[in-house]
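So you can see what is in the structure, the chains are spelled out below.
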Amino acid sequence: MEFAFHIAKALSVALFLFYGVSCLFAQGMKSEFERFGLARYRRLTGALELLGALGLLVGYAVPLLGFVAAVGLTLLMLLGVGVRIRVQDPFLEMVPAIVLLLVNAYLAWAVWPVLQASMG
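To start, this report covers the structure provided alongside it. (Residues numbered from 1 in each chain as written. Predicted model: local features only at pLDDT ≥ 70, side-chain atom pairs only at ≥ 80, totals over all residues. Heavy atoms only, no water.)

A look at the nonpolar core
To be explicit about the condition: As used here, the term nonpolar core means buried Ala, Val, Leu, Ile, Met, Phe, Trp, Tyr and Cys residues forming a set that is joined through side-chain atoms within 4.5 Å. Exposure is judged per residue with a 1.4 Å probe applied to protein chains only, and the accessible area is read against the type maximum: over 50% gives exposed, under 20% gives buried, and values in between give partly exposed. Put simply, DSSP marks the helices as runs of H or I at least four residues long and the strands as runs of E at least two long, and each gets a number from the N terminus on.
In terms of nonpolar packing, the biggest core is built from 22 residues, with Phe16, Leu56, Met77 and Leu107 touching the most fellow members. When contributions to this core are tallied by element, the ones reaching two or more residues are helix H1 (2–25), helix H3 (42–58), helix H4 (63–86) and helix H5 (91–119). Sorting elements by how many residues they give to this core places H5 first, with nine residues.

Side note on the packing of H4 against H5
The following threshold applies: Here an axis means a line fitted to C-alpha atoms, over the contact stretch when the element is a helix, while the angle between two N-to-C directions is reported on a 0 to 180 degree scale. Should an angle lie under 35 degrees it is considered roughly parallel, over 145 roughly antiparallel, and from 65 to 115 roughly perpendicular; all remaining angles are considered oblique. If you view the pair so one helix is near and one far, a crossing is left-handed when the near helix is turned anticlockwise from the far one by less than a right angle, and right-handed when it is turned clockwise. Ten residues, namely Ala, Val, Leu, Ile, Met, Phe, Trp, Tyr, Cys and Pro, are considered nonpolar, four, namely Asp, Glu, Lys and Arg, are considered charged, and the remaining ones, Gly among them, are considered polar.
Axis separation between H4 and H5 bottoms out at 8 Å; the angle between their running directions is 155 degrees. With respect to each other, H4 and H5 are oriented roughly antiparallel. Pair H4 / H5 crosses with left-handed handedness. Classifying every residue of the contact of H4 with H5 gives 22 nonpolar, two polar and two charged.

What to know about the pattern of salt bridges
Note the cut-off: Note on definitions: salt bridges are taken to be side-chain nitrogens of Lys or Arg within 4 Å of carboxyl oxygens of Asp or Glu.
Summed over all chains, the structure comprises five salt bridges. With its nearest N and O atoms 3.0 Å apart, the salt bridge here joins Glu32 to Arg35. One end of the pair, Glu32, and the other, Arg35, are both in helix H2 (residues 27–36), three residues apart, so they sit about a helical turn from each other. Here Arg35 falls in the partly exposed class, since its relative accessible area comes to 38%. Taking the shortest distance from any N to any O, the salt bridge between Arg84 and Glu93 comes out at 3.4 Å. What makes Arg84 buried here is its relative accessible area of 18%. Each of Glu32, Arg35, Arg84, Asp89 and Glu93 takes part in one network of salt bridges that share partners.

Here's the deal with the side chain of Arg42
Selection rule: Working convention for charge: Lys and Arg count positive, Asp and Glu count negative, and His plus the chain ends are omitted. What qualifies as a polar contact is a pair of N or O atoms within 3.5 Å, subject to a donor-acceptor requirement within protein and to the restriction that residues adjacent in sequence count only when both atoms come from side chains. Pairs of residues are marked as contacts when any of their non-hydrogen atoms sit within 4.5 Å.
Counting through the fold element by element, Arg42 comes out in helix H3. No salt bridge is formed by the buried Arg42, whose closest oppositely charged neighbour, Glu34, lies at an N-O distance of 6.7 Å. At 2.7 Å, the side chain of Arg42 forms a polar contact with the backbone oxygen of Cys23. A polar contact is formed between the side chain of Arg42 and the backbone oxygen of Leu24, at a distance of 3.3 Å. When near neighbours in sequence (up to four residues on either side) are disregarded, Arg42 contacts Cys23, Leu24, Phe25, Met29, Lys30 and Phe33.

Concerning the packing of aromatic side chains
Applicable threshold: Any two rings among Phe, Tyr and Trp, with Trp reduced to its six-membered ring, count as a pair given centres within 6.5 Å; such a pair is stacked if its planes are under 30 degrees apart, edge-to-face if over 60, and tilted if neither. Distance and angle both matter: a charge sits over a ring if NZ of Lys or CZ of Arg is within 6 Å of the ring centre and within 35 degrees of the ring normal.
Going through the model one piece at a time under the given rule, you end up with four aromatic pairs. Aromatic side chains Phe18 and Tyr19 sit 5.4 Å apart centroid to centroid with 65 degrees between the ring planes, which places their arrangement in the edge-to-face category. Ring centres 5.4 Å apart and planes at 40 degrees place the aromatic pair Phe67 and Trp112 in the tilted group. Highlighted residues: Phe67 in helix H4 and Trp112 in helix H5, separated in sequence by 45 residues. For Phe67, a relative accessible area of 17% puts it in the buried group. The ring centre of Tyr60 lies 3.9 Å from the NZ or CZ of Lys9, which sits over that ring.

Put into structure tokens, the structure is as follows:
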């Protein structure tokens, strides 16, 4: 399980760093957020993605922060899937958000026992 955890975390960190920077600076993401009717949330979304990726990294030293970051990114992707459903995107366009939702839910689940052990 430890190998899968590190691979999942590396995948999530890399993708959220990429998507976070894209949200902040890429014209394509600006157009997507306009299409979603959420243009005013683009910068916030990008910042949350970058902070989540950094939180996952810091989670190696501070498991609570890694847990909070994984839960936050899971919720962010749940909202992302909801938006994709609302705008009636094809399923294949939802797959990245679904995968990242599942990856981050797994990361939160995997860290939970570590948190419980450290608290009591």
